[in-house]
Amino acid sequence: MNTLASRSVERLVRGMPTSDGAGVKLTRVIGQPQLADLDPFLMLDEFGTDHPGDYIAGFPDHPHRGFETVTYMLDGCMRHRDNHGHEGVLVPGSVQWMTAGRGIIHSEMPEQQEGRMRGFQLWINLPAREKMTAPRYQEFAPQRIPRVESGAARVKVIAGTVEGVSGPITQPATEPTYLDIELVPGGQFTHALPAGHTAFVYVYEGAVAIGAGEAATAVDRHDLAVLSDTGAVRIEARAGSGTPHSPARLILVAGKPLREPVAKYGPFVMNTREELMQAFQDFQSGRF
Ligand code: CO
């Protein structure tokens, strides 16, 4: 067993229950006191509930500047509408990779009155040279996201490459990997990542062990594992408590760190305080 070639778990982080938008209940995993950020990732929210009262208020009009928001739906439908005339409905299994760039104002509202709403929103930083780029979307319906069987794993490739199959998202600034992985108990999945890329795993069903042999670390449902920065990721599904025979489900996300100063306030993420002030002024005077 070659332990040198495996990434280990450097930290385990538990998400913090919070609410955002007009009162949507969610779990903030990155972007909270235990894990303020994880360059280039600024925020990770998991939302998951069967109760309309937890999500029905949605996220009415709000601005973004200087980074990207990635919404990945597992269950439920969300209507998105922005001030540049872009509108659509995110359905289960779809991905919206929104480059806010110099600014958009949008709403994200549930397109359902009842039933389950579940998914993730990830914020990824942009380098200084691209913070004021024109806004753009990379939006993909579920059938546009390749599914790959790799050993015991069934993988949806949103960004990055598995078994020679590449996901539809491109972002040269951070070279992201974003995989949704289902693994039967006892099954293993190994994935090579570029050296130096920041990487994390978030388990949303079941339980896994990450790392090689004796050095593997148990990672439970709702744990985020921050991985060391070189080698391949090795994941094995464990029998979860109460769910010994159900598969583990997790996201594996990685990207090239930007190593730039971060000046952040709410939905604006820039490099300096002056740029933040400018963002406020531009928003308030209708220049988004
Ligand atoms: Co938003």
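Before going into details, it helps to say that this report is about the structure given with it.

Strand order in the open sheet formed by 7 strands is 1-22-19-24-17-14-13, and the pairing between neighbours is antiparallel. Here the strands that pair on one side only, and so sit at the sheet edges, are strand 1 (9-14) and strand 13 (147-150). Neighbour-to-neighbour, the strand axes of the sheet open up by a mean angle of 25°, direction not taken into account. With 7 bridges joining them, strand 19 (residues 198-205) and strand 24 (residues 248-255) adopt antiparallel strand pairing.

Right, let's talk about the coordination of the cobalt ion for a bit. Around the cobalt ion, the protein contributes the donor atoms His62 (NE2), His64 (NE2), His106 (NE2) and Glu108 (OE), which lie 2.1 to 2.6 Å from the metal centre. Each of the 4 donor atoms around the cobalt ion contributes to a set of angles spanning 80 to 176°, which defines the coordination as irregular. Read in sequence order, the donor residues coordinating the cobalt ion give the pattern H-x1-H-x41-H-x1-E. His64 carries the same exposure label as His62, and that label is buried.

A word on the packing of aromatic side chains. Tallying each qualifying case throughout the model produces 10 aromatic pairs. Plain terms: the ring middles of Phe41 and Phe200 are 5.5 Å apart, the flat faces sit at 90° to each other, and that makes the pair edge-to-face. With a gap of 159 residues between them, Phe41 in strand 4 (residues 41-49) and Phe200 in strand 19 connect regions that are remote in the sequence. For Phe200, a relative accessible area of 0% puts it in the buried group. Measuring from centroid to centroid gives 5.6 Å for Phe283 and Phe288, while their planes differ by 55°, and the two rings are tilted.

Bringing unusual backbone geometry into the picture now. The linkage connecting Asp39 with the following residue, Pro40, adopts the cis geometry, with an omega of 10°. Counting through the fold element by element, Pro40 comes out in the loop between strand 3 (24-30) and strand 4. Not every positive phi belongs to a glycine, and Glu175 is a case in point at roughly 45°. Counting through the fold element by element, Glu175 comes out in the loop between strand 16 (165-166) and strand 17 (177-183). Relative accessible area serves as the criterion here: at 39%, Glu175 is assigned to the partly exposed category.

Right, let's talk about the environment of His106 for a bit. In this structure, His106 sits in strand 10 (residues 104-110). Assessed through its relative accessible area of 0%, His106 is described here as buried. Along the backbone, His106 and Glu87 are 19 residues apart, and their C-alpha atoms lie at a distance of 9.3 Å. Side-chain polar atoms of His106 contact the side chain of His80, separated by 3.2 Å.

For the rest of this paragraph, the subject is the side chain of Glu68. Note that Glu68 resides in strand 6 (residues 67-75). Put simply, Glu68 is tucked away with no salt bridge, and the nearest opposite charge, on Arg136, sits 5.3 Å away. A polar side-chain atom of Glu68 sits 3.2 Å from a polar atom in the side chain of Trp97. The residues touching Glu68, leaving out its near neighbours within four places in the chain, are Trp97, Met98, Thr99, Ala100, Leu122, Trp123, Ile124, Leu126 and Gln171.

This part takes up the sheet that holds strand 5 (residues 59-64). An order of 5-10-7-8 is seen for the 4 strands of this open sheet, with the pairing classed as antiparallel. Two strands close off the open sheet at either side, each with one partner strand: strand 5 and strand 8 (87-90). With strand direction ignored, the average angle separating the axes of adjacent strands in the sheet is 20°. Pairing geometry for strand 7 (residues 78-82) and strand 8, over 4 bridges, is antiparallel. Across the sheet, residue Arg81 finds its bridge partner in strand 8, namely Glu87.

What counts and what doesn't
Throughout this document, residue positions are counted from 1 along each chain, in the order its sequence is written. Given that the model is predicted, a residue must reach a pLDDT of at least 70 before its local features are reported, and side-chain atom pairs must reach 80 or more before they are shown or counted; all residues, however, enter totals for whole chains, interfaces and linings. As a rule here, side-chain values come from all non-hydrogen atoms in the structure, and water together with hydrogens is ignored. Each pair of strands is called paired provided DSSP finds at least two bridges between the two strands. Going along the chain from the N terminus, every DSSP run of H or I of four or more residues is numbered as a helix, and every run of E of two or more is numbered as a strand. For every element, the axis is a line fit to its C-alpha atoms; helices are fit only across the contacting stretch, and the angle between N-to-C directions ranges from 0 to 180 degrees. Each metal's donors comprise the N, O and S atoms found within 2.8 Å of it (within 3.2 Å for Na, K or Ca). Water is not part of the atom list, so some coordination spheres may appear incomplete. Every geometry call rests on angle ranges, with four donors termed tetrahedral when all angles are between 85 and 135 degrees, four termed square planar and six termed octahedral when opposite donors are over 155 degrees apart and all others are between 65 and 115, and everything else termed irregular. Note on classification: 1.4 Å probe, protein chains only; a residue is buried when its accessible area is under 20% of the maximum for its type, exposed when over 50%, partly exposed between these limits. Each aromatic pair joins two rings of Phe, Tyr and Trp (for Trp, the six-membered one) with centres within 6.5 Å, and gets the label stacked for planes under 30 degrees apart, edge-to-face for over 60, and tilted for any other angle. Polar contacts, as used here, are pairs of N or O atoms within 3.5 Å; protein pairs need one atom able to donate a hydrogen and one able to accept it. Residues neighboring in sequence count only if both atoms are side-chain atoms. Under this rule, positive means Lys or Arg and negative means Asp or Glu; His and the chain ends count for nothing. Should a side-chain nitrogen of Lys or Arg be within 4 Å of a carboxyl oxygen of Asp or Glu, the pair is scored as a salt bridge. Pairs of residues are marked as contacts when any of their non-hydrogen atoms sit within 4.5 Å.

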